Amino acid sequence: MSGRGLQAAGLSHRFRAEGEEVLREVSLTVEEGEFVGILGPNGAGKSTLLRAAAGLMRPTEGAVTLEGASVLEMSARERARAIAYVPQRERIPVGLSVREYVSLGRGPWTSWTGRLSREDRAAVASALERTALTELAGRSVASLSGGEQRRCLTARALAQDARFALLDEPLASLDAHQQVAVGEILRARASAGAGVLAVLHEINLASQLCDRVIVLRGGRRVAEGAPRDALTQGVVEGVFPCRFMRVEGPGRAPCFVPVATR
(Lines give C-alpha, C1' and ligand atoms only; values in the text may rest on other atoms or scores of the structure.)
Protein backbone atom coordinates (compact mmCIF):
# COMPACT_ATOMS: atom_id res chain seq x y z
CA MET A 1 0.00 0.00 0.00
CA SER A 2 1.28 3.48 -0.83
CA GLY A 3 0.02 6.99 -0.31
CA ARG A 4 0.38 10.20 1.59
CA GLY A 5 0.14 10.62 5.33
CA LEU A 6 -0.77 8.04 7.93
CA GLN A 7 -3.06 5.40 6.46
CA ALA A 8 -4.97 2.53 8.02
CA ALA A 9 -6.51 0.12 5.52
CA GLY A 10 -9.10 -2.55 6.29
CA LEU A 11 -8.37 -2.86 10.01
CA SER A 12 -10.20 -5.64 11.81
CA HIS A 13 -9.30 -6.92 15.25
CA ARG A 14 -10.38 -9.45 17.85
CA PHE A 15 -8.49 -9.87 21.11
CA ARG A 16 -9.07 -13.62 21.23
CA ALA A 17 -9.29 -16.04 18.33
CA GLU A 18 -12.86 -16.90 19.22
CA GLY A 19 -13.77 -13.40 20.44
CA GLU A 20 -16.00 -10.81 18.86
CA GLU A 21 -14.41 -8.34 16.46
CA VAL A 22 -13.88 -4.95 18.09
CA LEU A 23 -12.90 -3.43 14.73
CA ARG A 24 -14.47 -4.41 11.44
CA GLU A 25 -12.77 -3.34 8.21
CA VAL A 26 -12.09 0.24 9.28
CA SER A 27 -9.94 2.46 7.07
CA LEU A 28 -8.76 6.03 7.61
CA THR A 29 -6.20 8.54 6.41
CA VAL A 30 -4.66 11.45 8.30
CA GLU A 31 -2.50 13.90 6.43
CA GLU A 32 -0.11 16.45 7.88
CA GLY A 33 -1.93 19.69 8.61
CA GLU A 34 -5.22 17.91 9.29
CA PHE A 35 -7.20 17.42 12.52
CA VAL A 36 -9.33 14.27 12.46
CA GLY A 37 -11.64 13.28 15.30
CA ILE A 38 -12.81 9.74 16.13
CA LEU A 39 -16.28 9.75 17.68
CA GLY A 40 -18.56 7.02 18.97
CA PRO A 41 -20.03 5.49 22.12
CA ASN A 42 -18.09 3.47 24.67
CA GLY A 43 -17.02 0.12 23.26
CA ALA A 44 -17.16 1.31 19.64
CA GLY A 45 -13.49 0.43 19.00
CA LYS A 46 -12.08 3.96 19.12
CA SER A 47 -9.10 3.25 21.39
CA THR A 48 -8.25 0.04 19.54
CA LEU A 49 -8.25 1.93 16.26
CA LEU A 50 -5.98 4.61 17.70
CA ARG A 51 -3.49 2.09 19.13
CA ALA A 52 -3.36 0.24 15.83
CA ALA A 53 -2.80 3.51 13.95
CA ALA A 54 0.06 4.33 16.33
CA GLY A 55 1.77 1.02 15.60
CA LEU A 56 1.36 -0.19 19.18
CA MET A 57 -0.54 -3.35 18.27
CA ARG A 58 -0.86 -5.66 15.30
CA PRO A 59 -4.44 -5.84 14.03
CA THR A 60 -5.93 -9.21 13.14
CA GLU A 61 -6.36 -7.95 9.58
CA GLY A 62 -5.29 -4.87 7.67
CA ALA A 63 -2.24 -2.64 7.76
CA VAL A 64 -1.09 0.81 8.86
CA THR A 65 1.46 2.70 6.79
CA LEU A 66 3.20 6.04 6.92
CA GLU A 67 3.87 7.24 3.39
CA GLY A 68 3.78 3.63 2.25
CA ALA A 69 6.05 2.17 4.95
CA SER A 70 4.60 -0.16 7.58
CA VAL A 71 4.59 1.48 11.00
CA LEU A 72 5.09 -1.96 12.58
CA GLU A 73 8.38 -2.36 10.76
CA MET A 74 9.79 0.96 11.97
CA SER A 75 12.24 1.02 14.85
CA ALA A 76 10.80 2.36 18.11
CA ARG A 77 12.92 5.51 17.77
CA GLU A 78 11.92 6.09 14.16
CA ARG A 79 8.26 5.60 15.00
CA ALA A 80 8.45 7.94 18.01
CA ARG A 81 9.92 10.67 15.85
CA ALA A 82 6.99 10.31 13.48
CA ILE A 83 4.10 9.56 15.86
CA ALA A 84 3.39 10.90 19.35
CA TYR A 85 0.83 8.77 21.19
CA VAL A 86 -1.14 9.89 24.25
CA PRO A 87 -3.06 7.05 25.94
CA GLN A 88 -6.39 7.36 27.69
CA ARG A 89 -4.75 6.35 30.97
CA GLU A 90 -1.12 6.23 32.00
CA ARG A 91 0.59 5.41 35.25
CA ILE A 92 2.34 8.61 36.28
CA PRO A 93 5.95 8.01 37.43
CA VAL A 94 6.44 8.86 41.09
CA GLY A 95 9.03 11.52 41.84
CA LEU A 96 9.07 13.32 38.51
CA SER A 97 8.36 17.02 38.29
CA VAL A 98 6.07 18.36 35.59
CA ARG A 99 9.08 19.68 33.67
CA GLU A 100 10.91 16.36 33.93
CA TYR A 101 7.83 14.46 32.79
CA VAL A 102 7.24 16.72 29.78
CA SER A 103 10.95 16.40 28.95
CA LEU A 104 10.40 12.68 28.36
CA GLY A 105 8.84 13.71 25.08
CA ARG A 106 12.28 14.69 23.81
CA GLY A 107 13.56 11.12 24.19
CA PRO A 108 13.40 10.28 20.45
CA TRP A 109 15.63 13.26 19.66
CA THR A 110 18.30 13.10 22.38
CA SER A 111 21.58 11.24 22.29
CA TRP A 112 22.13 7.99 24.19
CA THR A 113 23.07 10.03 27.27
CA GLY A 114 19.58 11.55 27.41
CA ARG A 115 21.04 15.01 27.97
CA LEU A 116 18.79 17.81 26.74
CA SER A 117 20.18 20.31 24.26
CA ARG A 118 19.21 23.97 24.11
CA GLU A 119 16.70 23.06 21.39
CA ASP A 120 15.23 20.32 23.60
CA ARG A 121 14.82 22.68 26.54
CA ALA A 122 13.18 25.26 24.31
CA ALA A 123 10.70 22.67 23.04
CA VAL A 124 9.83 21.68 26.62
CA ALA A 125 9.40 25.30 27.69
CA SER A 126 7.13 25.96 24.70
CA ALA A 127 5.00 22.89 25.47
CA LEU A 128 4.62 23.95 29.10
CA GLU A 129 3.60 27.45 28.09
CA ARG A 130 1.06 26.30 25.49
CA THR A 131 -0.65 23.99 28.01
CA ALA A 132 -0.60 26.60 30.83
CA LEU A 133 1.72 24.45 32.96
CA THR A 134 4.71 26.78 33.32
CA GLU A 135 3.78 27.79 36.87
CA LEU A 136 3.42 24.11 37.81
CA ALA A 137 6.70 23.02 36.19
CA GLY A 138 8.42 22.35 39.52
CA ARG A 139 5.52 20.47 41.07
CA SER A 140 5.40 16.69 41.31
CA VAL A 141 3.21 15.25 38.57
CA ALA A 142 1.71 12.83 41.09
CA SER A 143 0.43 15.78 43.17
CA LEU A 144 -1.62 17.26 40.33
CA SER A 145 -5.33 16.89 39.72
CA GLY A 146 -6.60 14.54 37.03
CA GLY A 147 -7.19 17.42 34.63
CA GLU A 148 -3.72 18.84 35.20
CA GLN A 149 -2.19 15.42 34.58
CA ARG A 150 -4.12 15.20 31.28
CA ARG A 151 -2.55 18.51 30.28
CA CYS A 152 0.88 17.07 31.17
CA LEU A 153 0.28 14.20 28.74
CA THR A 154 -0.63 16.67 26.00
CA ALA A 155 2.41 18.80 26.81
CA ARG A 156 4.70 15.77 26.55
CA ALA A 157 3.27 15.02 23.09
CA LEU A 158 3.79 18.64 22.01
CA ALA A 159 7.40 18.52 23.22
CA GLN A 160 7.93 15.34 21.20
CA ASP A 161 7.35 17.40 18.05
CA ALA A 162 6.36 14.37 15.97
CA ARG A 163 4.77 14.71 12.55
CA PHE A 164 1.60 13.05 13.84
CA ALA A 165 -0.07 13.29 17.24
CA LEU A 166 -2.52 10.53 18.23
CA LEU A 167 -4.43 11.25 21.41
CA ASP A 168 -6.99 9.14 23.28
CA GLU A 169 -9.55 11.40 24.98
CA PRO A 170 -7.23 14.40 25.49
CA LEU A 171 -10.16 16.48 26.81
CA ALA A 172 -11.22 13.99 29.51
CA SER A 173 -11.21 15.28 33.12
CA LEU A 174 -10.96 18.88 31.96
CA ASP A 175 -13.45 21.59 32.80
CA ALA A 176 -15.21 23.39 29.94
CA HIS A 177 -12.64 26.19 29.77
CA GLN A 178 -9.70 23.78 29.62
CA GLN A 179 -11.47 21.58 27.07
CA VAL A 180 -11.71 24.56 24.76
CA ALA A 181 -8.12 25.59 25.49
CA VAL A 182 -6.62 22.15 24.83
CA GLY A 183 -8.85 21.69 21.79
CA GLU A 184 -7.52 24.94 20.37
CA ILE A 185 -3.95 23.82 21.09
CA LEU A 186 -4.53 20.69 19.01
CA ARG A 187 -6.19 22.75 16.29
CA ALA A 188 -3.14 25.05 16.24
CA ARG A 189 -0.82 22.02 16.09
CA ALA A 190 -2.62 20.83 12.97
CA SER A 191 -2.61 24.33 11.46
CA ALA A 192 1.17 24.41 11.99
CA GLY A 193 1.55 21.29 9.83
CA ALA A 194 1.19 18.23 12.08
CA GLY A 195 -1.40 15.53 11.55
CA VAL A 196 -3.68 15.17 14.59
CA LEU A 197 -5.93 12.16 15.23
CA ALA A 198 -7.90 12.26 18.48
CA VAL A 199 -10.57 10.17 20.16
CA LEU A 200 -13.18 12.67 21.37
CA HIS A 201 -16.44 12.42 23.28
CA GLU A 202 -17.21 16.13 22.98
CA ILE A 203 -19.33 16.15 19.80
CA ASN A 204 -19.74 19.91 19.62
CA LEU A 205 -16.05 20.68 20.11
CA ALA A 206 -15.14 18.05 17.54
CA SER A 207 -17.60 19.67 15.15
CA GLN A 208 -15.97 23.06 15.57
CA LEU A 209 -12.30 22.02 15.69
CA CYS A 210 -11.92 19.04 13.36
CA ASP A 211 -11.41 19.07 9.61
CA ARG A 212 -12.96 15.61 9.43
CA VAL A 213 -14.65 13.21 11.82
CA ILE A 214 -14.94 9.43 11.75
CA VAL A 215 -17.92 7.97 13.59
CA LEU A 216 -17.72 4.38 14.86
CA ARG A 217 -20.42 2.08 16.17
CA GLY A 218 -19.92 -1.57 17.02
CA GLY A 219 -16.43 -1.53 15.54
CA ARG A 220 -17.63 -0.28 12.16
CA ARG A 221 -17.29 3.10 10.51
CA VAL A 222 -20.79 4.52 10.06
CA ALA A 223 -19.88 8.01 8.85
CA GLU A 224 -16.86 10.04 7.77
CA GLY A 225 -16.37 13.50 6.37
CA ALA A 226 -16.44 17.17 7.27
CA PRO A 227 -18.48 17.63 10.48
CA ARG A 228 -21.31 19.46 8.71
CA ASP A 229 -21.69 16.48 6.36
CA ALA A 230 -20.95 13.50 8.61
CA LEU A 231 -22.72 14.64 11.78
CA THR A 232 -26.30 14.45 10.62
CA GLN A 233 -29.21 14.10 13.01
CA GLY A 234 -29.69 10.50 11.90
CA VAL A 235 -26.04 9.56 12.44
CA VAL A 236 -25.76 11.15 15.89
CA GLU A 237 -29.05 9.76 17.18
CA GLY A 238 -28.25 6.38 15.63
CA VAL A 239 -24.98 6.17 17.55
CA PHE A 240 -25.84 7.74 20.90
CA PRO A 241 -28.93 6.63 22.89
CA CYS A 242 -30.42 10.08 23.14
CA ARG A 243 -32.58 12.51 21.19
CA PHE A 244 -30.82 15.68 20.10
CA MET A 245 -31.74 19.09 18.81
CA ARG A 246 -29.37 20.04 15.98
CA VAL A 247 -28.48 23.72 15.73
CA GLU A 248 -26.00 25.66 13.63
CA GLY A 249 -22.90 26.62 15.57
CA PRO A 250 -19.95 28.92 14.78
CA GLY A 251 -18.79 28.68 11.19
CA ARG A 252 -21.91 26.68 10.32
CA ALA A 253 -20.58 23.71 12.30
CA PRO A 254 -23.45 21.60 13.62
CA CYS A 255 -24.03 21.52 17.37
CA PHE A 256 -26.20 19.04 19.21
CA VAL A 257 -28.24 19.68 22.35
CA PRO A 258 -29.36 16.49 24.15
CA VAL A 259 -33.10 16.52 24.70
CA ALA A 260 -33.97 13.27 26.46
CA THR A 261 -32.96 9.64 26.73
CA ARG A 262 -35.02 7.12 24.82
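Residues numbered from 1 in each chain as written. Predicted model: local features only at pLDDT ≥ 70, side-chain atom pairs only at ≥ 80, totals over all residues. Heavy atoms only, no water.

A.B. asks: I'd love a proper account of the packing of helix α4 (residues 118–130) against helix α5 (residues 146–160), names of residues and values included.
C.D. replies: Two numbers describe how α4 lies on α5: the axes approach to 8 Å, and their chain directions differ by 140 degrees. α5 is crossed by α4, and the crossing has right-handed handedness. Along its contact with α4, which presents Ala123, Val124, Ala127 and Arg130, the element α5 presents Ala155, Leu158 and Ala159. Of the residues assigned to the contact of α4 with α5, the class counts are six nonpolar, no polar and one charged. (Axes fitted to C-alpha atoms, helices over the stretch in contact; angles between N-to-C directions. Helix = DSSP H or I, 4+ residues; strand = E, 2+ residues; numbered from the N terminus. Left-handed = near helix turned anticlockwise from the far one by under 90°. Contact = heavy atoms within 4.5 Å. Nonpolar A, V, L, I, M, F, W, Y, C, P; charged D, E, K, R; others polar.)

A.B. asks: Which residues make up the layout of surface pockets, and what values go with them?
C.D. replies: Within this model, the largest pocket holds a volume of roughly 220 Å³. Taken together, Ala54, Leu56, Ala76, Arg79, Ala80, Ile83, Ala84, Tyr85, Leu104, Gly105, Arg156 and Gln160 make up the full set of residues lining the largest pocket. Of all elements in the fold, only α2 (76–82), β6 (83–86) and α5 reach the threshold of two or more residues within the lining of the largest pocket. Classifying every residue of the lining of the largest pocket gives eight nonpolar, two polar and two charged. Of the volumes computed, that of the second largest pocket is approximately 180 Å³. Along its surface, the second largest pocket is lined by 14 residues, and Gly43, Ala44, Gly45, Lys46 and Ser47 are the ones closest to its centre. For the lining of the second largest pocket, the element with the most residues is helix α1 (residues 46–53), which contributes three residues. Broken down by class, the residue content of the lining of the second largest pocket amounts to four nonpolar, seven polar and three charged. (1 Å grid on protein atoms, 1.4 Å probe; cavity = no way out; pocket = protein on both sides within 12 Å on 5 of 7 lines; lining within 4 Å. Points joined across faces, edges and corners; volume = space filled by probe spheres on them.)

A.B. asks: An account of the nonpolar core is requested, with residue identities and associated values reported.
C.D. replies: With 51 residues, the main nonpolar core has Phe35, Val98, Val102 and Leu231 as its most contacted residues. Broken down by element, the residue count for this core peaks at six residues, all from α5. For Phe35, the contacting residues outside a window of four places in its chain are Gly183, Leu186, Arg187, Ala190, Val196, Ala198, Leu209, Cys210, Asp211 and Arg212. Counting 29 residues, the second largest nonpolar core, distinct from the first, contains Ala52, Ala54, Ile83 and Leu197. (Core = buried A, V, L, I, M, F, W, Y, C linked by side-chain atoms within 4.5 Å. Buried < 20%, exposed > 50% of the residue type's maximum accessible area, 1.4 Å probe, protein only.)

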